[in-house]
Amino acid sequence: SQIDLYFPPETLKAALILSLISVWVLVGLYSYLNRYTRRRYFTLWTTAWSFYALWLTLGIRFLPEGPGPMGVMLQQWCIGAAAVFLLWGSAQFLKQREPQRLYALFIGFLLVWGYVGAFHLKGALQVYLPTFSLLAGASFWTGWGYFRLRREHEYLGARLLSVGFVIWGVYLISFPLFQSDSYFVSSLYFLSGIVQMFVAVSMIVLVLEESRETQEILLRKVDNKETETAELNSALTVKTNALKARESRFRALALAAPIGIMETNDDGDAVFVNARWRDITGLDSKDDLAGDWTFKVHSAERPDIRAAWARSVGADEPFTRGFRFQKGDSWEWVLGQSTMLRDDAGKLDGRLVTLAVISELKLEQERRMSVEAQLRRAQKLET
């Protein structure tokens, strides 16, 4: 049996309502995408479909006798506005930045054309063909934009949208040619409803594909960040262990050093002392090693030495001085040095204070001089 593509005139209103429903589905979809993605071309396309929906609504309103001149002008304005906003949105989609005043002038021209066509032109083809051809051209251009997107990304939705807008453009060109046929025009409206639903479904497919690709990109970035973080943590662990090993070695050397060593913070409180420091000074308790430990340094003959030493420990300058230190009931000559410790930014971070008993230094110097004297005698005897 042969499939009959003609619908009786009684189905015209139903066909218009079906086409209007499909257009409002597109308006709702594009409105949601505009809110979800904040892309300007979705705003412009939503406006274009809204004007097209208004054109269909006017078509239902003017049934069955048809529109008068005023109705024709309103319908022309709706089609012209839909064409301009569809073109404008497609230009945004294709990243072509034309001046906005160009579209304003275009709308002004279409308003004048709508008036001229409604009140001064007699044939329906002359009235509708220019504006519908313009809307068809905008549809073809939108389809070209989705075809370009399909070449850049393997999106099935972009391919479907490209085909859908091309078919809708063919329908728009055909509509002025067959609208006078009361049987065939119903078929055109039913066809437009199907094509518009096809465009809506294709847009949903494209959005899902884009969301999936975005999610995959984010997951790859997360995996890369996790890998980088693991590598950084591993490197940090190695460096921390190396620093701890070096700190342990230096602490062991400081503990076994034959001179007294003390490290203070920037407030002057001791954070480390070795056994030799306690042995030389006799200061061992926490109170002894607090910030006022310098006042336990004595010099009977030169009080100014004690004051200078105390000032040097509290100042940002190195200091070396010999003085007598009171240890119980006895006195001992000591050579003290104070060196500033700074962090990587150059800020004062503490001090390193060393003490050496001068008598021990003299014995070491005498031993060294004795060895040098023996070497000189050996050289003389050899000569």
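Let us look at the structure shown here.

Procedures and definitions
- Residues numbered from 1 in each chain as written.
- Predicted model: local features only at pLDDT ≥ 70, side-chain atom pairs only at ≥ 80, totals over all residues.
- Heavy atoms only, no water.
- Helix = DSSP H or I, 4+ residues; strand = E, 2+ residues; numbered from the N terminus.
- Buried < 20%, exposed > 50% of the residue type's maximum accessible area, 1.4 Å probe, protein only.
- Contact = heavy atoms within 4.5 Å.
- Areas by Shrake-Rupley, 256 points an atom, 1.4 Å probe, with all protein chains shown as cover.
- Axes fitted to C-alpha atoms, helices over the stretch in contact; angles between N-to-C directions.
- Parallel < 35°, antiparallel > 145°, perpendicular 65-115°, else oblique.
- Nonpolar A, V, L, I, M, F, W, Y, C, P; charged D, E, K, R; others polar.
- Core = buried A, V, L, I, M, F, W, Y, C linked by side-chain atoms within 4.5 Å.
- Patch = residues over 30% accessible without salt bridge, like charges linked within 9 Å, V, L, I, M, F, W, Y side chains within 5 Å.
- Salt bridge = Lys/Arg side-chain N within 4 Å of Asp/Glu carboxyl O.
- Expected span 1.5 Å × (residues − 1).

**Quick look at the overall build of the protein**
Part 1 of the reasoning: Within the protein, the secondary structure is distributed over ten helices and five strands.
Part 2 of the reasoning: Relative to its 383 residues, the protein shows a buried fraction of 37%.
Part 3 of the reasoning: Within the protein, contacts between residues at least 6 apart in sequence are counted, and of these 61% link residues at least 24 apart.
Part 4 of the reasoning: When the accessible surface of the protein is split by element, carbon and sulfur atoms take 60% of a total near 22,800 Å².

**A few points about the packing of helix H5 (residues 124-152) against helix H6 (residues 156-178)**
Part 1 of the reasoning: Taken N-terminus to C-terminus, the directions of H5 and H6 make an angle of 170°; their axes are 8 Å apart at the nearest point. In terms of axis orientation, H5 runs roughly antiparallel to H6.
Part 2 of the reasoning: Residue composition of the contact of H5 with H6, grouped by class: 21 nonpolar, five polar and two charged.

**Digging into the nonpolar core**
A general trend in soluble globular proteins is that nonpolar side chains are found buried together.
Part 1 of the reasoning: Core analysis: the largest hydrophobic core is formed by 67 residues, its most contacted members being Tyr 30, Tyr 52, Tyr 146, Tyr 189 and Met 203.
Part 2 of the reasoning: Where this core is concerned, the elements lending two or more residues are helix H1 (12-37), helix H2 (40-61), helix H3 (69-93), helix H4 (100-120), H5, H6 and helix H7 (184-256).
Part 3 of the reasoning: The element that contributes the greatest number of residues to this core is H3, accounting for 13 residues.
Part 4 of the reasoning: Val 273, Ile 280, Val 334 and Val 353 belong to the second-largest nonpolar core, a separate cluster that totals eight residues.

**Observations concerning a nonpolar patch on the surface**
Part 1 of the reasoning: Judged by side-chain polarity, Ile 17, Ile 21, Val 25 and Met 197 come together as a nonpolar surface patch covering roughly 300 Å² of accessible area.
Part 2 of the reasoning: At three residues, the largest contribution of residues to the nonpolar patch is made by H1.
Part 3 of the reasoning: Positionally, Met 197 belongs in helix H7.
Part 4 of the reasoning: Judged by its relative accessible area of 34%, Met 197 is partly exposed.

**A closer look at H1**
Part 1 of the reasoning: For H1, spanning 26 residues, the distance from its first C-alpha to its last is 37 Å, which sits close to the expected 38 Å at 1.5 Å a residue.
Part 2 of the reasoning: Of the residues making up H1, those classed as buried are Leu 12, Ala 15, Leu 16, Ser 19, Leu 20, Ser 22, Val 23, Leu 26, Val 27, Leu 29, Tyr 30 and Leu 33.
Part 3 of the reasoning: Those residues of H1 that are buried lie in contact with H2, H5, H6 and H7.
Part 4 of the reasoning: Looking at the residues trailing H1, positive phi occurs at Arg 38, about 60°.

Shape is all these values report; function is a separate question.
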